[in-house]
Amino acid sequence: MSLLMMAGAVVAAIVVLIVLFKMVWRVAEPNEALIISGLGARSKPIDGVDSLGFKIVTGKGTSVLPGFQVARRLRLDSRAANLEVNCVTQQGIPVKVRGVVIYKVGDDFVSIANAARRFLDQQGSMDGAIHELFTGHLRSIIGNLTVEDLILNRERLTSETRSSAADEMSKLGLVVDSLQIQEIDDETGYITNLGRPHAARVAAEARVAEAERDQEATTREQEAERAKAAVIRDTEIKKAEYEGQVQQAAQQARQEVILKETRNAELEAERTEKRLESEVRKPADARAYEQVKLAEAEREQRIALAQAAAKEVQLKAEREAEATRILGEAEADATRRKGLAEAEAIEARARALAQNQEAVIAQQLAENWPEIVEAGAKVFGNVDNMVVLNGAQGVEEMLAKALTLGGTGLGLARSLLASGNGQPQNGAVEKPVEKQIES
């Protein structure tokens, strides 16, 4: 509980301090100056000038003791005062001048002190004071100027007015930012009449200038028309030239196209010819050359074969002739040898027959037995039916009788016997032997 009370007391003290601080502390805004007066409200002299018992604060804060000191604010921003002055010029012509003065309190402490002494509680009366101040100076300055000076040289009027009012403005703590003379009017029409000769001259010059401009415009229009016609003519000429060039270009293009087509056709023909030459003519020439070469090779081969065959035939004929000769010689030699052998055999048979006649006959019978049997069998050639008795013995007896009784078998035996004895009968044996020997 005591802690809460202590916390409450602290918060209350802080709030009180804040309230007191806000009551005591004052801050000067950028466009104002604090004028503090009262107990102890004195500032140090600035530039040797005493503040005369009050304190000036700008752009910062300061403490003000309530009840003992008073803080008031003096605005330092710009103000505007309208001027409307009726005066008479050096020529005695009454004029009415309207303008505006833009002013403010000076930024230095001396100007702020002067303005504070004069306008601190009556800041709204500054415009009236400025109006009266500049009205007097304008009247005195315009009284020494002509209407022409007012119209032609307003800068002189403003500069002289600012210069003549500078001392009073400094004493009031004010400075002029701008002074502008907006209008100058006169009731007599002097300014209007003053401008009429010039206006008439200007109007005449304007009419002359307008006439000159009209004439010049007409001349220029005519020149423009001529130029336009020339441009149209040149355009038509250029157009015709362009069309001619276009036609010529088109014709050239067509000729180039024709030339290109012709060239392409020639190239295509050359390409076709080359293709035919490469694909047809050269292969045909190659095939013809190949056929010729093959024919030549075949002919040479046939010639070679024929020559080889002829050589072979010749060699074969030579071999056959040689073989025939050798065979003939061999056959002749064999015949000779056979004849000699037969002669020797006959001689040997004769000698054998002389020595053993029966053995020789038996040998000859054995060698010629098939002919003997055939001759004996011819006896039975016309027999339709024959009955043989005693089996094989009967057949043997029958054959023996047929051989004995048949003249053929006996004649053969005799001839064999005669030839075996070496006695020729009717020259039938000796002659063939002689022929064989001779051959």
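Definitions and cut-offs
As a convention, each chain's residues are numbered from 1 in the sequence order in which they are written. Only residues with pLDDT of 70 or above have their local features reported here, since the model is predicted, and side-chain atom pairs are shown and tallied only from 80 upward, although totals for entire chains, interfaces and linings are computed over all residues. Excluding hydrogens and water, the side-chain figures rest on all heavy atoms present in the structure. For the purposes of this entry, the term helix denotes a DSSP run of H or I that reaches at least four residues, the term strand denotes a run of E that reaches at least two, and both are numbered from the N terminus. Exposure categories follow from relative accessible area, calculated using a 1.4 Å probe and restricted to protein chains: below 20% of the type maximum is buried, above 50% is exposed, and the middle band is partly exposed. Whether two residues touch is decided by their heavy atoms; if any such pair falls within 4.5 Å, the residues are in contact. Accessible areas in this description were obtained via Shrake-Rupley with a 1.4 Å probe; residue shielding takes into account the shown protein chains only. Two N or O atoms form a polar contact when they lie within 3.5 Å of each other; inside protein one atom must be a possible hydrogen donor and the other a possible acceptor, and for residues adjacent in sequence the pair counts only when both atoms belong to side chains. Only the contacting stretch of a helix is used when fitting its axis, a line to C-alpha atoms as for every element, and angles between N-to-C directions run 0 to 180 degrees. When describing relative orientation, an angle under 35 degrees is termed roughly parallel and one over 145 degrees roughly antiparallel, while 65 to 115 degrees is termed roughly perpendicular and anything else oblique. Here a crossing is called left-handed whenever its near helix is offset anticlockwise from the far helix by less than a right angle, and right-handed whenever the offset is clockwise. Throughout, the ten residues Ala, Val, Leu, Ile, Met, Phe, Trp, Tyr, Cys and Pro are labelled nonpolar, Asp, Glu, Lys and Arg are labelled charged, and all others, Gly among them, are labelled polar. By convention a nonpolar core is built from buried Ala, Val, Leu, Ile, Met, Phe, Trp, Tyr and Cys residues, the set being connected through side-chain atoms within 4.5 Å. Two strands form a pair only when DSSP identifies at least two bridges running between them. Think of pLDDT as the predictor's per-residue confidence, scored from 0 to 100. An expected span of 1.5 Å times one less than the residue number is assigned to each helix. A residue's bend is the angle separating two fitted axes: one through the seven residues that end there, the other through the seven that start there. Note that patches include only residues with greater than 30% relative accessible area and no salt bridge, and the join distances are 9 Å for like charges and 5 Å for nonpolar side chains (Val, Leu, Ile, Met, Phe, Trp, Tyr). Put simply, a salt bridge is a Lys or Arg side-chain nitrogen that is within 4 Å of an Asp or Glu carboxyl oxygen.

A separate point is the overall build of the chain. Each helix and strand counted, the chain has 11 helices and 8 strands in total. Residue burial in the chain is summarised as follows: out of 439 residues, 20% are buried. Within the chain, contacts between residues separated by at least 24 positions form 70% of all contacts whose residues are at least 6 apart in sequence. Surface accessibility of the chain: about 30,900 Å² in total, with carbon and sulfur atoms responsible for 56%.

Within the secondary structure, T62 sits in strand 4 (residues 61–63). Engagement of the side chain of T62 in a polar contact is seen with the side chain of K55, the distance being 3.3 Å.

For the pair helix 3 (residues 126–142) and helix 5 (residues 154–171), interaxial distance at closest approach is 9 Å and the crossing angle is 130°. Relative to helix 5, the element helix 3 is oriented oblique. With respect to the hand of their crossing, helix 3 and helix 5 are arranged in right-handed fashion. Here I130, L133, F134, H137, L138, I141 and I142 of helix 3 come into contact with helix 5, specifically with L157, E160, T161, S164, A165, E168 and M169. Taken together, the residues that form the contact of helix 3 with helix 5 break down as 9 nonpolar, 3 polar and 2 charged.

Judged by nonpolar contacts, the single largest core of 41 residues is most densely connected at L74, V95, F134, M169 and L174. The dominant element in this core, judged by the number of residues it contributes, is helix 3, at 7 residues. Beyond its immediate chain neighbours, meaning those up to four positions away, L174 contacts Y103, K104, V105, G106, F119, M126, I130 and M169. Core analysis: the next-biggest nonpolar cluster, separate from the first, contains 5 residues, L34, I36, V57 and V64 among them.

Moving on, we come to the sheet that holds strand 6 (residues 79–88). Backbone-to-backbone hydrogen bonds join strands into a sheet, with any given pair of strands oriented parallel or antiparallel. Within the open sheet, the 3 strands sit side by side as 6-7-8. Their pairing is antiparallel. The sheet is open, and its two edges are formed by strand 6 and strand 8 (174–186), each paired on a single side. Across the sheet, the mean angle from the axis of one strand to that of its neighbour is 20°, orientation sign disregarded. Direction of pairing for strand 6 relative to strand 7 (residues 94–105): antiparallel, over a ladder of 10 bridges. By the bridge assignment for strand 7, N86 is matched with K96.

This paragraph deals with the sheet that holds strand 2 (residues 32–38). With antiparallel pairing, the 3 strands of this open sheet are ordered in space as 3-2-5. Strands with a single pairing partner mark the edges of an open sheet, and in this sheet they are strand 3 (54–58) and strand 5 (69–75). In this sheet, adjacent strand axes meet at a mean angle of 25° when their direction is disregarded. Note that strand 2 and strand 5 share 7 bridges and pair antiparallel. Residue L34 lies in a different strand from strand 5, and its bridge partner there is R73. Contacts between helix 2 (residues 109–119) and the sheet are confined to strand 2, strand 3 and strand 5, with strand 3 contributing the most and set at about 120° to the helix.

The next thing to look at is the confidence of the model for the chain. When pLDDT is averaged across the chain, the result is 75; 76% of the residues are at 70 or more. Taken element by element, the chain is modelled with least confidence in helix 11 (residues 430–438), mean pLDDT 36, and with most confidence in strand 7, mean pLDDT 89. In the predicted structure, residues 406–410 sits below a pLDDT of 50 and forms 4 contacts with residues beyond four places in sequence or in another chain. The low-confidence segment residues 420–439, where pLDDT is below 50, has 16 contacts with residues more than four positions distant or belonging to other chains.

It is worth spelling out the side chain of T89 at this point. Within the secondary structure layout, T89 lies in the loop between strand 6 and strand 7. Contacts of T89, omitting those with residues within four sequence positions, involve V95, I142, G143, L145, V147 and L150.

A few words on helix 5. For helix 5, spanning 18 residues, the distance from its first C-alpha to its last is 26 Å, which sits close to the expected 26 Å at 1.5 Å a residue. The largest bend along helix 5 measures about 45° and falls at A165. All of the buried residues along helix 5 are L157, T158, T161, A165 and M169. Where helix 5 is buried, its residues touch strand 7, helix 3, helix 4 (147–152) and strand 8.

For the rest of this paragraph, the subject is the pairing of strand 2. The buried fraction of strand 2 is high, at 6 of 7 residues. Bridge analysis of strand 2 against strand 3 gives 5 bridges, and the strand direction is antiparallel. When the sheet's bridge partners are listed, I36 is paired in strand 3 with K55.

Another aspect to go through is a nonpolar patch on the surface. Together, V11, V15, V16, L17, V19, L20 and M23 make up an exposed nonpolar region whose accessible area comes to about 610 Å². Along the polypeptide, V15 turns up in helix 1 (residues 2–24).

As a further point, take the pattern of salt bridges. In this structure the tally under the stated criterion is 11 salt bridges. The partner of E84 in a salt bridge is K96, and the shortest N-O contact between them spans 2.9 Å. One end of the pair, E84, is in strand 6; the other, K96, is in strand 7, with 12 residues separating them in the sequence. According to the relative accessible area criterion, E84 is partly exposed, its value standing at 45%. Taking relative accessible area as the criterion, K96 reaches 28% and is therefore assigned partly exposed. Notably, a salt bridge pairs K104 with D107, separated by 2.9 Å at the nearest N-O pair. For D107, a relative accessible area of 60% translates into the label exposed.

Quick look at the environment of S111 now. Looking at the element boundaries, S111 is found in helix 2. Put simply, S111 and K171 are 60 residues apart on the chain and 7.8 Å apart in space, counted from C-alpha to C-alpha. Apart from the residues lying within four places of it in its own chain, the contact partners of S111 are V105, G106 and G173.

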